[in-house]
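# Commentary on secondary and tertiary structure
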Amino acid sequence: PFGAQYYRAPTPSRDDWERDLKNIRELGFNTIKIWAQWRWNNPARDRYDFTDIDKLMELAYRYGLKVIINTIFDVAPAWFCRMYPDSVMITNSGRRVEYQTVSCRQIGGAPGPCYHHEEGRKYRLLFLEELVKRYREHPALYVWDLWNEPELTCNIFRRPVLDDLVCYCRNSEEEFIKWLKDKYGCIDELNRRWHRNYNSWDEVELPRAREVFKDMIDWRCFFIDTLVNELKYRVELVKKHDQVHPVMVHTVPMPYFNQVTCCSDEYRMARLCDMFGNSIGSHPFSASISMSAAKGKTVINSEIHALGGNTYERPSIPSFKDMKKHILVPLARGIKGFLFWQYRCETLGLEAPAWGLTDLKGEKTEWLEYAVQINNMLQQNAGLISGLKPLPSRVAVVNSTRNQIFDWCASGGIDKHYHSVYGAFMALYRGGYNVDIISCEQVLDGVLEDYKVIYYPFPYYLEKGVAEKLKQWVRAGGLLISEAFFGGITDDTGLHSTEIPSCGFSKVFGVTEGLVTSGNVSYDSYSSESRQDDTGLYVPLFMEKDFGNVKKGQKVLAYYYREELKADNAEVLARFNDGKAAVTCSAYGAGKAVMIGSLLGYAYSKNGASEAGLLINSLVSLSGVVPYIETDNSEVRADILSGRDGEFVIVVDNDGHYSGKVKFTINVETGSRDKLTSLLTGESTPLYTEDGKTTFELMIDSRDSDIFRLC
């Protein structure tokens, strides 16, 4: 599938539909996405009006286009809003979230009713049922996209602000008490976990503050479950009436969406779907989260944001290089479908006049021609490309939902969690590794068996079951790399641990925690070696030995925390400059466990601390795992994709600064190949054999990318 989002009522104008869809097909695109909106297509309680969808589906079929119908429920009909004034969400501060227009829901009715309002659910599902029955046999239908960027308040309260949390209505309170009863069974167990002394369930108060952690984490996890259950209702209803067409949702990764106010868990939602999608999926981090969440299912970029802007802030004009990266970066991660947001420029509201592949009149632009050129290459090679897969990741970074919420509870933001996960991923990605980003639920389900290395960024809040799985995995031969405060607080008790690492991991890591200081405290013993800037305090580590790409005595900047590691049964790899152990490595069973007494991922993400990236990659090398393909320039990334008809290589200039010759070394068997040929230009480059490995050289232009077939 390759095309664009086309219709979000009331734009584009009906007068443009036939010309546009005819042009879309003539350009070589094959797929469009259109919105079916609860408010727009259900204008009265007992009346549905699908005349616009009917016409678009007819035109799509006439011109040979497949249609993704995106169902939009966060626009409650005006009749519903008037009939059920009690359906609105209530914030922590007591504010009613009245139905309204927002920049991305210009017809009003946002954010829709509280998800615990019974009549709201009833009428949403009635609308969906009418829609599915009407189009389930339509020849133009491709897939049901059942939720556009799932979140609680549809962009109204997206920032993680305590007063803006929803929903504190009576319906949500009743459902939360039921949820607690299911989770804890009896009031005594709730009291043990929350450290309260309630006599009965009717005394339980809704969490309103974030300073004690456990109750607030439960409160936000309840809303994550709420959105997952809402998707279950939608999926089950569609499959009741249509067993032919796949169902999907498309999500937005952190930090754009967070688990505090948005409560959208892409990992759990992907499980319920046949396909999966994303917005902002052109970046390797976003693409990797989606692919890791979907685990083997088809993933498409549902909204490529190549031309974002608004009325005052016009889009930057994408070059051919920019447009190639929007496709080739996610294709290298395994994504197999590409829809731009959107075909025409928006004309209604703040998003106008941006976002279009065409100009305001629907005429061709240079960047539309670039998209056509890229699509032509994809479609001409569709038989080869459609079956390609990236080689399996042997390294994974843990992305813990509860740890993200805990970070907000402790700090008011998700900064430390996000940058720690993002930085660890990007350091490894730029180091050439294939890296998955996995959830704690996946760990509990046994996904660790797929990997040889697990990097756990800033694991302050830890689930006991996850810890046990990790312990078994290390004992069986895995390499676990953990940043500071492993299990500082455990989800089981909600208490700060008296021994860190907790959950018995002092034996796994061979260390216990000594003196801890943080960035708001300065000590003469190391302040002269620390750097303070607007991102915080950076703490130096000094290498004790050569390994990987780091050398003895080399200084590596980590972030904010200085957790002394008392090495009882571990080798010291790096020290703080007062001589205290900062990084250690221990044998445990057949595996190894590395402890880092600070935050390396954050330092790499926020400050571009290249030496932090070198250390992260060097620690991974302790496992013996090497990238499938390596370059002699860290600014250039290469990926091998394999399929029934051979191997392909995608090359991307990561940072856009380097121009010149780059040497590539392939560390996997490629058979009797003697050249690689660009699918975009047709030019060929010879392959060589050096020390039993396949190598080649390419002239790389800054910010450029390409896809090659090994021949």
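Above: the structure in question.
So, here's what we can say about the structure. (Residues numbered from 1 in each chain as written. Predicted model: local features only at pLDDT ≥ 70, side-chain atom pairs only at ≥ 80, totals over all residues. Heavy atoms only, no water.)

Here the focus is the overall build of the protein. On a plain count of helices and strands, the protein comes out with 21 helices and 36 strands. Computed over the C-alpha atoms, the radius of gyration of the protein is 26 Å, within 12% of the 27 Å expected from 2.2 N^0.38 for a compact globule of 711 residues. Dimensions of the protein along its principal axes, counting C-alpha atoms only, are 75 × 75 × 45 Å. Counting only residues that meet the buried cut, the protein has 62% of its 711 residues in that class. Partitioning the intrachain contacts of the protein with sequence separation of at least 6 by distance along the chain shows that 74% fall at a separation of at least 24. Only carbon and sulfur atoms are counted for the fraction: they give 46% of the accessible area of the protein, which is about 26500 Å². (Helix = DSSP H or I, 4+ residues; strand = E, 2+ residues; numbered from the N terminus. Rg over C-alpha atoms; globule rule 2.2 N^0.38 Å. Buried < 20%, exposed > 50% of the residue type's maximum accessible area, 1.4 Å probe, protein only. Contact = heavy atoms within 4.5 Å. Areas by Shrake-Rupley, 256 points an atom, 1.4 Å probe, with all protein chains shown as cover.)

Moving on, we get to the packing of helix α14 (residues 401-411) against helix α15 (residues 415-430). Closest axis-to-axis distance for the α14/α15 pair is 7 Å, and the angle between their directions is 140 degrees. Relative to α15, α14 is oriented oblique. Listed contacts from α15 to N403, Q404 and D407 of α14 are D415, K416 and H417. Split by residue class, the contact of α14 with α15 holds no nonpolar, 3 polar and 3 charged. (Axes fitted to C-alpha atoms, helices over the stretch in contact; angles between N-to-C directions. Parallel < 35°, antiparallel > 145°, perpendicular 65-115°, else oblique. Nonpolar A, V, L, I, M, F, W, Y, C, P; charged D, E, K, R; others polar.)

One turn of an α-helix holds 3.6 residues; hence residues three or four places apart share an orientation. All of the buried residues along helix α1 (residues 17-26) are W17, D20, L21 and I24. Buried residues of α1 fall within an arc of 95 degrees about the axis and therefore sit on the same side. Buried residues along α1 sit against β1 (2-7), β2 (31-37) and α3 (51-62). Where α1 terminates, the next one or two residues include G28, which has phi positive at roughly 100 degrees. (Arc of directions from axis to C-beta.)

What follows is about the packing of aromatic side chains. Per the counting criterion, the structure on display carries 50 aromatic pairs. For the ring pair Y559 and Y602, a centre distance of 3.9 Å and an interplane angle of 15 degrees mean the geometry is stacked. A residue pair is termed long-range when its members are at least 10 positions apart, and Y559 in strand β23 (residues 555-559) and Y602 in helix α20 (residues 600-607) qualify at 43 residues. When its relative accessible area of 2% is taken as the criterion, Y602 is described as buried. (Phe/Tyr/Trp six-rings, centres within 6.5 Å; stacked < 30°, edge-to-face > 60°.)

Our focus in this paragraph is the side chain of N278. Take N278: it is sitting in strand β10 (residues 275-279). A relative accessible area of 0% means that N278 is categorised as buried. Reaching out from N278, the side chain makes a polar contact with the side chain of S290 at a distance of 2.9 Å. In this structure N278 touches H250, T251, S286, A287, S290, I300, N301, S302, E303 and I335, once residues within four positions along its chain are discounted. (Polar contact = N/O pair within 3.5 Å; in protein donor to acceptor, adjacent residues only side chain to side chain.)

Moving on, we come to empty space enclosed by the protein. Following the criterion strictly, the structure yields 4 cavities of 30 Å³ or more and no others. Volume-wise, the largest cavity comes out at about 110 Å³. Lining the largest cavity are 15 residues, and of these M254, Q259, E266, N399 and Q404 sit closest to its centre. Of all the elements in the fold, those that place two or more residues in the lining of the largest cavity are α9 (266-271) and α14. Of the residues assigned to the lining of the largest cavity, the class counts are 6 nonpolar, 7 polar and 2 charged. (1 Å grid on protein atoms, 1.4 Å probe; cavity = no way out; pocket = protein on both sides within 12 Å on 5 of 7 lines; lining within 4 Å. Points joined across faces, edges and corners; volume = space filled by probe spheres on them.)

Turning our eyes to something else, we now look at the pairing of strand β30 (residues 646-653). Of all 8 residues that make up β30, 8 are buried, and the element is covered over most of its length. Judged from the 8 bridges that link them, strand β29 (residues 636-643) and β30 form a sheet pairing that is antiparallel. Across the sheet, D639 pairs through a bridge with I650, a residue of β30. Counting the residues in the hairpin turn of β29 and β30 gives 2 residues. (Pairing = 2+ DSSP bridges.)

Counting through the fold element by element, D164 comes out in the loop between β8 (141-148) and α6 (170-184). Along the chain, D164 and K552 lie 388 residues apart, while their C-alpha atoms are 50 Å from each other. Leaving out residues up to four positions away in the same chain, D164 has contacts with T91 and F157.

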